[in-house]
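One-letter residues, chain by chain:
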Amino acid sequence: MKLKIAKSVRLSEHVIPKRYSITLFPNLAEFTFSGEEEIIVELTKPATEITLHAAELKILSAEIEAKNDKRKAINISYNEKAETATITFDKKISKGEAKLKLKFTGILNDKMRGFYKSKYQIDEKTHHMAVSQFESTDARRAFPSFDEPAKKAIFDIRLIIPQDHTAISNTIETEIAEHSTGYKIVKFAPTPQMSTYLVAFIVGKFEFIESKTHSNVKVRVFTTPGKKHQAKFALDTAVRVLEFYEEYFGIPYPLPVL
């Protein structure tokens, strides 16, 4: 009796992501979002195609730059079962570093996975926030990515949000600038090299309280408006727990903020 060998569902090994620069613009009225990203990749051999993960996303355009050679994709195809998109170019991209630039759209779903919508109330009026949950394989629902734990990279996140909203991500915000009438763009510090499922972002109306650990890590607890007085116990506990674990394991927390 022959054993049936399962077909691999892993992405190819010859395209290695190094750094993502991602800009997302969630629409909390229509529950959609648009995005742009630039992924610095390392090709270990020449290739005419690049396959990466994308689920419930539509890639509007794709182009690649490598060794002063810029070219647009001639085809973008999807495999819904594998949750992948394959981008095809008219000739081989050289071995080495390249920049893959993508524009795409998606939906703020109600499945509590990927980039999704959630609701809360202020003065008995319902509001919506955009929330992410990527573990274990749902970053691909927010941005095209090499969505496997071993394919670690650095992430630069920018979020375009209404002026009266707050954006939260893995790192501290480094720049807030006007984007267009009624909107601002929030830029966050680069993350450490990490897996896609650890990326996080939230957009909504929030306020926060903060403190610092003995090792100067900033700790923040966010709440919806009018409830930050309820967050003191969570903040005090978070600071004490983080300090305990740093001492217990002898390993400093790897980010400047929690």
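All of the points below concern the structure found in this document.

Definitions and limits used
Residues numbered from 1 in each chain as written. Predicted model: local features only at pLDDT ≥ 70, side-chain atom pairs only at ≥ 80, totals over all residues. Heavy atoms only, no water. Phe/Tyr/Trp six-rings, centres within 6.5 Å; stacked < 30°, edge-to-face > 60°. Helix = DSSP H or I, 4+ residues; strand = E, 2+ residues; numbered from the N terminus. Buried < 20%, exposed > 50% of the residue type's maximum accessible area, 1.4 Å probe, protein only. Lys NZ or Arg CZ within 6 Å of the ring centre and 35° of its normal. Expected span 1.5 Å × (residues − 1). Arc of directions from axis to C-beta. Salt bridge = Lys/Arg side-chain N within 4 Å of Asp/Glu carboxyl O. Polar contact = N/O pair within 3.5 Å; in protein donor to acceptor, adjacent residues only side chain to side chain. Contact = heavy atoms within 4.5 Å. Pairing = 2+ DSSP bridges. Axes fitted to C-alpha atoms, helices over the stretch in contact; angles between N-to-C directions.

1. What to know about the packing of aromatic side chains
Then, in step 1: In the structure shown here, the tally under the stated rule is 14 aromatic pairs.
Then, in step 2: Here Phe115 and Phe201 contribute two aromatic rings whose centre-to-centre distance is 5.1 Å and whose plane-to-plane angle is 80 degrees, an arrangement assigned as edge-to-face. In this pair, Phe115 sits in strand β9 (residues 114-122) while Phe201 sits in strand β15 (residues 201-204), placing the two residues 86 residues apart along the sequence.
Then, in step 3: Here Phe115 falls in the buried class, since its relative accessible area comes to 0%.
Then, in step 4: Residues Phe134 and Phe201 carry aromatic rings whose centres are separated by 5.6 Å and whose planes lie at 75 degrees to one another, so their mutual orientation is edge-to-face. Taken together, the residues span a long stretch of sequence, with Phe134 in the loop between β10 (125-133) and β11 (154-162) and Phe201 in strand β15 at a distance of 67 residues.
Then, in step 5: Judged by its relative accessible area of 0%, Phe201 is buried.
Then, in step 6: Across the ring face of Phe31, the terminal group of Lys117 is positioned such that the distance to the ring centre comes to 4.0 Å.

2. Here we look at helix α1 (residues 232-249)
Then, in step 1: Helix length check: α1 (18 residues) gives 26 Å between terminal C-alpha atoms against 26 Å at 1.5 Å per residue, within 8%.
Then, in step 2: Buried within α1 we find Leu235, Val239, Leu242, Glu243 and Glu246. Down the axis of α1, the sector holding all buried residues measures 95 degrees, keeping them to one side. The exposed set on the far side of α1, more than 90 degrees from its buried face, consists of Phe233, Arg240, Tyr248 and Phe249.
Then, in step 3: Positive backbone phi, approximately 70 degrees, marks Gly250, located one or two places after α1.

3. Focus on the pattern of salt bridges
Pairing between side chains of opposite charge can happen when their charged atoms approach one another.
Then, in step 1: For the structure shown, the criterion picks out 19 salt bridges.
Then, in step 2: Put simply, Glu210 and Arg220 hold a salt bridge, and the shortest N to O gap is 2.8 Å. Placement of the pair is Glu210 in strand β16 (residues 207-212) and Arg220 in strand β17 (residues 218-223), with a sequence separation of 10 residues.
Then, in step 3: Owing to a relative accessible area of 16%, Arg220 belongs among the buried residues under this scheme.
Then, in step 4: One connected set of salt bridges, linked through shared partners, spans Glu56, Glu83, Lys111, Arg113, Asp138, Arg140, Arg141 and Asp147.

4. A look at the side chain of Glu83
Then, in step 1: With respect to the helices and strands, the residue Glu83 is situated in the loop between β6 (75-79) and β7 (84-93).
Then, in step 2: Polar contacts involving the side chain of Glu83 include one to the side chain of Arg141, which spans 3.1 Å.
Then, in step 3: Among all residues touching Glu83, those that are not within four sequence positions of it are Leu52, His53, Ala54, Ala55, Thr137, Arg140 and Arg141.

5. With respect to unusual backbone geometry
Then, in step 1: In this structure, the amide linkage connecting Glu135 to the following residue, Ser136, adopts the cis form with an omega of 5 degrees.
Then, in step 2: Its place among the elements puts Ser136 in the loop between β10 and β11.
Then, in step 3: With a phi angle near 60 degrees, Glu56 is a residue other than glycine that sits in the positive phi range.
Then, in step 4: Mapping Glu56 onto the fold places it in the loop between β3 (47-53) and β4 (57-66).
Then, in step 5: Residue classification places Glu56 among the partly exposed residues on the basis of a relative accessible area of 36%.
Then, in step 6: Notably, Asp123 is not glycine yet its phi reads approximately 55 degrees, a positive angle.
Then, in step 7: Along the polypeptide, Asp123 turns up in the loop between β9 and β10.
Then, in step 8: Judged by relative accessible area, which is 76%, Asp123 ranks as exposed.

6. Side note on the sheet that holds strand β13 (residues 173-180)
Then, in step 1: Taken together, the 8 strands give an open sheet; going across it, the order is β5-β4-β8-β2-β1-β11-β14-β13, and neighbouring strands pair in mixed fashion. The open sheet terminates on both sides in strands that have one partner only, identified here as β5 (69-72) and β13. Neighbour-to-neighbour, the strand axes of the sheet open up by a mean angle of 15 degrees, direction not taken into account.
Then, in step 2: Inspection of the sheet shows strand β2 (residues 32-43) paired to strand β8 (residues 96-107) by 12 bridges, in the antiparallel sense.

7. What about the sheet that holds β15?
In any sheet, the strands associate via hydrogen bonds between backbone groups, in a parallel or an antiparallel arrangement.
Then, in step 1: The strand order across the open sheet formed by 4 strands is β9-β10-β15-β12, and the pairing between neighbours is antiparallel. Edge positions in the sheet fall to β9 and β12 (166-169), since each has one partner strand and no second. Across this sheet, the average inter-strand angle for adjacent strands is 15 degrees, counted without regard to direction.
Then, in step 2: Note: β12 against β15, 4 bridges, orientation antiparallel. In the sheet register, Ser169 faces β15, and the bridge partner there is Phe201.

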